[in-house]
Amino acid sequence: MIRVLQKADIERVVDIWLDTNLKAHYFIPGQYWKDNIDLVKEMLPQAEVYVYENDCQIEGFIGLNDEYMEGIFVRDEMQSQGIGKLLLNFVKEKRTKLYLNVYQKNTRAIHFYQREGFEIQREGLDDDLMYDSLMKLKPLENPKKNPMQNALRKYYYYRNGKEFPRLNNYQR
């Protein structure tokens, strides 16, 4: 079940946030995440956060700031079981546009978002950390507009590990 974050959820959500960031962002010193726990605890009640709960146990959550997705966080033992996709689909129903930043070294997240209809829009440096490049991801205009074309692009990506070449990448 997906529901709105409640005050009683904060400790569990912060634990998932910390564990997920430490694992996914191995290239950033762990102390950075630990130093920000109190700030996250303070900001969570003010944010738009939805949790995925199973048998009264929070397994993951997603945070939004208007159209910006702060991230999807799923408990390590529950990853790759469809919880992230459920959370993403839940917020896709609430927004017409979504975008987010992903570190280039977080290839697992990049592949997940690309499978879910996002594409890389821009690359640059993170002003706060200066550790790695960020990738701006933005949903395709309307992935359902041409389902066959979208399916072919996904199949090409699956088989080749890279996006299907776009016509606008070629000069005339």
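This text follows the structure it describes.
Source: prediction; values computed, not measured.

Caption draft 1: Focus on the overall build of the protein chain. Of regular secondary structure, the protein chain possesses six helices and seven strands. Of the regular secondary structure in the protein chain, the N- to C-terminal order runs β-α-α-α-β-β-β-α-β-α-β-β-α. Buried positions account for 39% of the 172 residues belonging to the protein chain. The contacts of the protein chain with a sequence gap of at least 6 include a subset with a gap of at least 24, amounting to 57%. As presented, the protein chain carries roughly 11400 Å² of accessible surface, and 49% of it is formed by carbon and sulfur atoms.

Caption draft 2: Just the pattern of salt bridges, in detail. Tallied over the entire structure, the rule returns eight salt bridges. Between Asp76 and Lys23 there is a salt bridge whose closest N-O contact spans 2.6 Å. Pair noted here: Asp76 is in the loop between strand 4 (68-74) and helix 4 (83-92) and Lys23 is in helix 1 (residues 10-24), with a separation of 53 residues, a long-range link. A salt bridge links Arg95 to Glu48, with the nearest nitrogen and oxygen atoms 2.4 Å apart. Within this pair, whereas Arg95 is found in the loop between helix 4 and strand 5 (100-103), its partner Glu48 is found in strand 2 (residues 48-54), the two being separated by 47 residues in sequence.

Caption draft 3: Quick peek at the nonpolar core. Judged by nonpolar contacts, the single largest core of 20 residues is most densely connected at Ile62, Met69, Ile72, Leu88, Val91, Tyr113 and Phe118. Those elements that provide at least two residues to this core are strand 2, strand 3 (57-65), strand 4, helix 4, strand 5 and helix 5 (107-115). Those residues within four positions of Leu88 in sequence are excluded, and the remaining contacts are Ile62, Met69, Ile72, Leu98, Phe112, Tyr113, Glu116 and Phe118.

Caption draft 4: View of the sheet that holds strand 4. Strand order across the open sheet formed by four strands is 1-2-3-4, with antiparallel pairing between neighbours. Lying at the two open borders of the sheet, with one neighbouring strand each, are strand 1 (2-4) and strand 4. When strand polarity is set aside, the average angle formed by the axes of neighbouring strands in this sheet is 25°. Relative to strand 4, strand 3 runs antiparallel, the two being bridged by six bridges. Counterpart to Leu64 in the pairing with strand 4 is Met69. Contacting strand 2, strand 3 and strand 4, helix 1 runs over the sheet at an angle of about 80° to strand 3.

Caption draft 5: Seen up close, the packing of aromatic side chains. Summed over the entire model, instances satisfying the criterion amount to nine aromatic pairs. For the pair Phe27 and Tyr103, a centre-to-centre distance of 5.5 Å together with 70° between the ring planes defines the contact as edge-to-face. Here Phe27, found in the loop between helix 1 and helix 2 (30-35), pairs with Tyr103, found in strand 5; they are 76 residues apart in sequence, far enough to count as distant. Of the two residues, Phe27 and Tyr103, neither departs from the other in class, the shared state being buried. Geometrically, the ring pair formed by Tyr113 and Phe118 is edge-to-face, given 5.6 Å between the ring centres and 70° between the ring planes.

Caption draft 6: The pairing of strand 3, seen in detail. Burial analysis of strand 3 places seven of its nine residues in the buried class, the great majority of the element. The pairing of strand 2 with strand 3 spans seven bridges and is classified as antiparallel. By the bridge assignment for strand 3, Tyr52 is matched with Gly60. In textbook terms, the turn of a hairpin is the stretch between consecutive antiparallel strands, and for strand 3 and strand 4 this stretch comprises two residues, one of which, Asp66, has a positive phi near 60°.

Caption draft 7: Structural detail: the pairing of strand 2. Counting buried positions along strand 2 gives five out of seven residues, so the element sits mostly inside the fold. Connecting the antiparallel pair strand 2 and strand 3 is a turn made up of two residues, with Asp55 showing a positive phi of about 50°.

Caption draft 8: Summary view of the side chain of Asn21. Along the chain, Asn21 falls in helix 1. Owing to a relative accessible area of 3%, Asn21 belongs among the buried residues under this scheme. Contact partners of Asn21, with chain neighbours within four places excluded, come to Trp33 and Phe73.

The rules behind the values
- Residues numbered from 1 in each chain as written.
- Predicted model: local features only at pLDDT ≥ 70, side-chain atom pairs only at ≥ 80, totals over all residues.
- Heavy atoms only, no water.
- Helix = DSSP H or I, 4+ residues; strand = E, 2+ residues; numbered from the N terminus.
- Buried < 20%, exposed > 50% of the residue type's maximum accessible area, 1.4 Å probe, protein only.
- Contact = heavy atoms within 4.5 Å.
- Areas by Shrake-Rupley, 256 points an atom, 1.4 Å probe, with all protein chains shown as cover.
- Salt bridge = Lys/Arg side-chain N within 4 Å of Asp/Glu carboxyl O.
- Core = buried A, V, L, I, M, F, W, Y, C linked by side-chain atoms within 4.5 Å.
- Pairing = 2+ DSSP bridges.
- Axes fitted to C-alpha atoms, helices over the stretch in contact; angles between N-to-C directions.
- Phe/Tyr/Trp six-rings, centres within 6.5 Å; stacked < 30°, edge-to-face > 60°.

Remember that the coordinates give geometry; whether it matters functionally is a separate question.
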